[in-house]
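These are the residues of each chain, in order.
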Amino acid sequence: MTRAEFVREIERGNYPNYHVRDINGVKTPASNPDGNPRNNLD
C-alpha cells in the first residue's frame, strides 16, 4: 500500500490507531501514542 492509500484509509476511519500529520505539506501517517512514556518519542 502506498503512503497516499494508507492516508486515505486512515482518514476513512479504517485504522483507528493512526492519525495523519501534515509534514512540510505532505500528508504523513503516524501512529497514535499509547500513553506509555517508555515507548513513545519525546
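That block above? That's the structure.
To start, this report covers the structure provided alongside it. (Residues numbered from 1 in each chain as written. Predicted model: local features only at pLDDT ≥ 70, side-chain atom pairs only at ≥ 80, totals over all residues. Heavy atoms only, no water.)

## Points about the environment of aspartate 34
The cut-off we apply is this: Secondary structure elements follow DSSP: runs of H or I of four or more residues count as helices, runs of E of two or more count as strands, with numbering from the N terminus. Side-chain atoms alone can form a polar contact between residues adjacent in sequence; in general such a contact is a pair of N or O atoms within 3.5 Å, and within protein one must be able to donate a hydrogen while the other accepts it.
Assignment of secondary structure puts aspartate 34 in the segment after strand E2 (26-31). Separated by 17 residues in the primary sequence, aspartate 34 and asparagine 17 have C-alpha atoms spaced 8.9 Å apart. From its side chain, aspartate 34 meets the backbone nitrogen of asparagine 36 in a polar contact 2.9 Å long.

## Considerations on the packing of aromatic side chains
Given two aromatic rings, their pairing is described by the distance between the two centres and the angle made by the two planes. Condition: When the centres of two rings from Phe, Tyr and Trp lie within 6.5 Å, Trp using its six-membered ring, the rings pair. Their planes under 30 degrees apart give stacked, over 60 give edge-to-face, and anything left gives tilted. Relative accessibility decides the category of a residue: with a 1.4 Å probe and only protein chains considered, values under 20% of the type maximum give buried, values over 50% give exposed, and everything between is partly exposed.
Inspection of the entire model under this criterion finds three aromatic pairs. For the pair phenylalanine 6 and tyrosine 15, a centre-to-centre distance of 5.0 Å together with 90 degrees between the ring planes defines the contact as edge-to-face. Overall, the relative accessible area of 30% leaves tyrosine 15 in the partly exposed class. Counting every residue linked through ring pairs, the aromatic cluster contains Phe6, Tyr15 and Tyr18.

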